[in-house]
Amino acid sequence: MANIKSAKKRVLVSRRNAERNKAIRTGVKTSIKKVEAAVAAGDKAAAQAELSKATSVIEKACTKGVYHKNNAARKVSRLAKAVNGIA
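Because the structure is predicted, anything quoted here is derived from the model rather than measured.

S.K.: Mind laying out the overall build of the protein chain, listing which residues take part and the relevant values?
M.R.: Within the protein chain, the secondary structure is distributed over 3 helices and 0 strands. Principal axes of the C-alpha set define a box for the protein chain whose edges measure 60 × 20 × 15 Å. A total of 87 residues make up the protein chain; the buried ones form 25% of that total. Partitioning the intrachain contacts of the protein chain with sequence separation of at least 6 by distance along the chain shows that 62% fall at a separation of at least 24. Carbon and sulfur atoms make up 55% of the accessible area of the protein chain, which amounts to about 6200 Å² in all. Charge centroids of the protein chain, computed over 21 positive and 5 negative side chains, lie 13 Å from each other.

Set out below in C-alpha cells:
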C-alpha cells in the first residue's frame, strides 16, 4: 500500500470507479443477451422492446465514460441489425 496520503486516496478512488464500471458493463452485457435471446426465439416485438432498453443502457454507459462512443455505436448497430434481420 502507498505511504503518501494522495496515493492512498487514488487507490480508494480507482477501486470505487472500477467497481462502478464493472457493474455498468455487466448491465450492458445482460441487456445485450436479452436482445439476442429474443432474436434467437424469433419474437420481433419482444426483440424491438429489448433493443430500445439495451440502447438506452449502452448510451448511458457511453456518457459515463465506461465505453468509447464508437464502441457503444458498434454494439447498438449490431443489435439493430440482428433485430431487423428477423423475418
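Moving on, there is more to tell.
S.K.: Summarise a positive patch on the surface; cite the residues concerned and give the values.
M.R.: A cluster of basic residues, K5, K9, R10, R16, R20, K60 and K64, forms a positive patch on the protein surface. At 5 residues, the largest contribution of residues to the positive patch is made by helix α1 (residues 5–41). Mapped onto the elements, R10 comes out in helix α1. Of the residues examined, R10 reaches a relative accessible area of 53% and is grouped as exposed.

S.K.: Any chance you could break down the environment of K22 for me, citing the residues and the numbers?
M.R.: Inspection of the secondary structure puts K22 in helix α1. Residues K22 and V66 lie 44 residues apart in sequence; the distance between their C-alpha atoms is 8.8 Å.

S.K.: Describe the nonpolar core, and please don't skip the residues or the numbers.
M.R.: Of all hydrophobic cores here, the largest spans 18 residues; its most connected members are V28, I58, A61 and L79. Those elements that place two or more of their residues in this core are α1, α2 (44–63) and α3 (69–84). Top contributing element to this core by residue count: α2, with 6 residues. Filtering out sequence-adjacent residues up to four positions away, I58 remains in contact with V28, I32, A72, K75, V76 and L79.

S.K.: Before we move on, could you go through the packing of α1 against α2 and cite the residues and values that matter?
M.R.: Orientation of α1 relative to α2, taken along the N-to-C sense of each, is 160 degrees, at an axis distance of 9 Å. One element, α1, and the other, α2, form an angle in the roughly antiparallel class. Crossing angle aside, the handedness with which α1 passes α2 is left-handed. Between α1 and α2, the contacting residues are I24, G27, V28, S31, I32, K34, V35, A38 and V39 on the first element and A46, A47, E50, L51, A54, V57, I58 and A61 on the second. Its residues assigned to classes, the contact of α1 with α2 comprises 13 nonpolar, 2 polar and 2 charged.

Definitions and cut-offs
- Residues numbered from 1 in each chain as written.
- Predicted model: local features only at pLDDT ≥ 70, side-chain atom pairs only at ≥ 80, totals over all residues.
- Heavy atoms only, no water.
- Helix = DSSP H or I, 4+ residues; strand = E, 2+ residues; numbered from the N terminus.
- Buried < 20%, exposed > 50% of the residue type's maximum accessible area, 1.4 Å probe, protein only.
- Contact = heavy atoms within 4.5 Å.
- Areas by Shrake-Rupley, 256 points an atom, 1.4 Å probe, with all protein chains shown as cover.
- Lys, Arg positive; Asp, Glu negative; His and termini not counted.
- Charge placed at Lys NZ, Arg CZ, Asp CG, Glu CD.
- Patch = residues over 30% accessible without salt bridge, like charges linked within 9 Å, V, L, I, M, F, W, Y side chains within 5 Å.
- Salt bridge = Lys/Arg side-chain N within 4 Å of Asp/Glu carboxyl O.
- Core = buried A, V, L, I, M, F, W, Y, C linked by side-chain atoms within 4.5 Å.
- Axes fitted to C-alpha atoms, helices over the stretch in contact; angles between N-to-C directions.
- Parallel < 35°, antiparallel > 145°, perpendicular 65-115°, else oblique.
- Left-handed = near helix turned anticlockwise from the far one by under 90°.
- Nonpolar A, V, L, I, M, F, W, Y, C, P; charged D, E, K, R; others polar.

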